[in-house]
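Each chain is listed here by its residues.
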Amino acid sequence: MTGHTQNEITIAAPLDLVWDMTNDVANWPQLFSEYASAEILSDEGGKVTFRLTMHPDENGKVWSWVSERTADRRNLRVKARRVETGPFAHMDILWQYEEVPAGTRMVWTQDFAMKPEAPVDDDWMTDNINKNSKIQMALIRDRIEKAATGRRPDPALAD
């Protein structure tokens, strides 16, 4: 069995700002609430390899892993995968962006499988990822929209 999730959100902000902020991996701890740190290990040829470390879970365990992301700005897609898979047999992620009348639509698709010895199964992880993606996407939306508001010229000064 495998897990599959797809979640999306529309952000009332220009595509360039959404793209730049969501692909600035080094600043993910300021964008996501779940990451304590993001360490860039290499950034070569459009592929970023990095270590993410989460805040301790309810049992005090700190989860950390290495992933790589390849951004395709022209096609508004980012492919990622876990290099250190931990409890996953594999984890493949696709982020897609689209300009829409209300701003920028961002879609996250995750395909994965848990290892047989993992503490949870594919169904549990699917539910967990779906719940957490909604929380993180809403937080990201709010933070990017706040940044977008700060960049807009004051209408009173436009004359």
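A brief report on the enclosed structure follows. (Residues numbered from 1 in each chain as written. Predicted model: local features only at pLDDT ≥ 70, side-chain atom pairs only at ≥ 80, totals over all residues. Heavy atoms only, no water.)

1. Section: the environment of Pro119
(1) Moving on: Along the chain, Pro119 falls in the loop between β7 (103-114) and α3 (122-151).
(2) Moving on: Taking the C-alpha atoms as reference, Pro119 lies 28 Å from Ala138; in sequence the two are 19 residues apart. (Helix = DSSP H or I, 4+ residues; strand = E, 2+ residues; numbered from the N terminus.)

2. Some details on the pattern of salt bridges
(1) Moving on: With the rule as written, the count across this model stands at 8 salt bridges.
(2) Moving on: The closest approach of N and O atoms between Arg73 and Asp16, which form a salt bridge, is 2.2 Å. Taken together, the residues Arg73 in the loop between β4 (64-72) and β5 (77-82) and Asp16 in helix α1 (residues 15-22) connect sequence positions 57 residues apart.
(3) Moving on: A relative accessible area of 34% means that Arg73 is categorised as partly exposed.
(4) Moving on: Overall, Asp16 belongs to the partly exposed group, its relative accessible area being 46%.
(5) Moving on: For Asp127, the salt bridge identified is with Lys131, shortest N-O distance 3.1 Å. With Asp127 and Lys131 both in helix α3, this residue pair falls 4 residues apart, about one helical turn.
(6) Moving on: With a relative accessible area of 39%, Asp127 lands in the partly exposed category. (Salt bridge = Lys/Arg side-chain N within 4 Å of Asp/Glu carboxyl O. Buried < 20%, exposed > 50% of the residue type's maximum accessible area, 1.4 Å probe, protein only.)

3. Points about the nonpolar core
(1) Moving on: Judged by nonpolar contacts, the single largest core of 27 residues is most densely connected at Trp28, Phe32, Tyr97, Met106 and Ile144.
(2) Moving on: For this core, the secondary-structure elements that each account for two or more residues are β1 (3-11), α1, α2 (28-31), β2 (35-44), β3 (47-54), β6 (88-100), β7 and α3.
(3) Moving on: Excluding anything up to four places from it in sequence, Ile144 contacts Ile11, Ala13, Leu17, Val18, Met21, Thr22 and Leu31.
(4) Moving on: Of all hydrophobic cores here, the second largest spans 7 residues; its members include Phe88, Met91, Phe112 and Ile129. (Core = buried A, V, L, I, M, F, W, Y, C linked by side-chain atoms within 4.5 Å. Contact = heavy atoms within 4.5 Å.)

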